[in-house]
Amino acid sequence: MASVTVDDVRDVINVSSSDIPDSKIVKMIKRAEVALELELGKEIDSENCAEAEKEFITVLAAIYAICYLTGGSAVGLSFSVGDQNVPVLDKAPPLNVLQSELERILSSLKGCYVGRV
């Protein structure tokens, strides 16, 4: 079984602990866990889950982290503080790549259902 860590989330978007505190990422992981639970209709534990579930939670939490980092920005994936421009997410993958990854993982997790009506 796998466990989602704050470092897993930071690795996806190439940021450090000085960019987003652990406490914020832990909340993002929990929100991503709940989102996956709602999608799959089953309980998920981000500290003891399947590899595919870990990957989904990690990528969704990374998207939440990008939103957190850019919440106050006026231009793309960078923001300004006073006269200094801080391009924190220069090395982060584009959101559409992360979204495609989420959709692929989710469809794999949901699997193909064959049943009777």
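Residues numbered from 1 in each chain as written. Predicted model: local features only at pLDDT ≥ 70, side-chain atom pairs only at ≥ 80, totals over all residues. Heavy atoms only, no water.

## So, the overall build of the chain
Keep this limit in mind: Helix and strand assignments come from DSSP, with helices taken as H or I runs of at least 4 residues and strands as E runs of at least 2, each series counted from the N terminus. Note on exposure labels: buried denotes an accessible area under 20% of the residue type's maximum, exposed denotes more than 50%, and partly exposed covers the range between, all computed with a 1.4 Å probe on protein chains only. Contacts are assigned to residue pairs that have any heavy atoms within 4.5 Å of one another.
When helices and strands are tallied, the chain shows four helices and two strands. Mapped in sequence order, the helices and strands of the chain form the string α-α-α-β-β-α. Within the span of the chain, comprising 117 residues, buried residues form 36% of the whole. Long-range pairs, those at least 24 residues apart, make up 68% of the contacts in the chain between residues at least 6 apart in sequence.

## Some words on the environment of Ile-29
Mapped onto the elements of the fold, Ile-29 is located in helix α2 (residues 22–40). Sequence-wise, Ile-29 and Val-6 are 23 residues apart; in three dimensions their C-alpha atoms are separated by 7.9 Å. Among residues more than four places away in sequence, those in contact with Ile-29 are Val-4, Thr-5, Val-6, Val-9, Ser-46, Ile-57 and Ala-61.

## Describing the confidence of the model for the chain
Heads up, the condition is: pLDDT expresses, on a scale from 0 to 100, how confident the predictor is about each individual residue.
Put simply, the chain has an average pLDDT of 79, and 74% of its residues get 70 or more. At the level of individual helices and strands, the chain shows its lowest average pLDDT in strand β1 (residues 79–81), which scores 40, and its highest in helix α1 (residues 6–13), which scores 95. Across residues 72–84, where pLDDT falls below 50, the model places 16 contacts with residues more than four positions away in sequence or in other chains.

## Observations regarding the environment of Ile-44
Here Ile-44 lies in the loop between α2 and α3 (51–70). Look at Ile-44 and you get buried, because its relative accessible area is 4%. Each C-alpha atom, one on Ile-44 and one on Glu-33, is 6.5 Å from the other, the two residues being 11 residues apart in sequence. Every residue in contact with Ile-44, bar those within four places of it in the chain, is listed here: Glu-33, Leu-36, Glu-37, Cys-49, Glu-53 and Ile-57.

## Thoughts on the packing of aromatic side chains
To describe a pair of aromatic rings, you give the distance between the ring centres and the angle between the ring planes. For clarity, the threshold we go by: Whether two aromatic rings pair depends on their centres lying within 6.5 Å, for rings of Phe, Tyr and Trp, where Trp uses its six-membered ring; planes under 30 degrees apart make the pair stacked, over 60 edge-to-face, and the rest tilted. Ring-over charges, as used throughout, are those where CZ of Arg or NZ of Lys falls within 6 Å of the ring centre and within 35 degrees of the ring normal.
Scanning the entire structure with this criterion turns up zero aromatic pairs. Across from the ring centre of Tyr-64, 4.2 Å away, lies the NZ or CZ of Arg-31, which sits over that ring.

## Here we look at the packing of α2 against α3
Basically, it comes down to this: Axis angles are defined between N-to-C directions and span 0 to 180 degrees, where every axis is a line fitted to C-alpha atoms and, for a helix, only to the segment in contact. Relative orientations are named as follows: roughly parallel for angles under 35 degrees, roughly antiparallel for angles over 145 degrees, roughly perpendicular for angles from 65 to 115 degrees, and oblique for any other angle. Working rule for handedness: look at the near helix, and if it is turned counterclockwise from the far one by less than a right angle, call the crossing left-handed; if clockwise, right-handed.
In the contact formed by α2 and α3, the axes pass within 8 Å of each other and the chain directions differ by 125 degrees. The angle between α2 and α3 falls in the class oblique. Relative to α3, α2 is oriented so that their crossing is right-handed. Of the residues in α3, those in contact with Lys-24, Met-28, Ile-29, Arg-31, Ala-32, Glu-33, Ala-35 and Leu-36 of α2 are Glu-53, Phe-56, Ile-57, Leu-60, Ala-61, Tyr-64, Ala-65 and Tyr-68.

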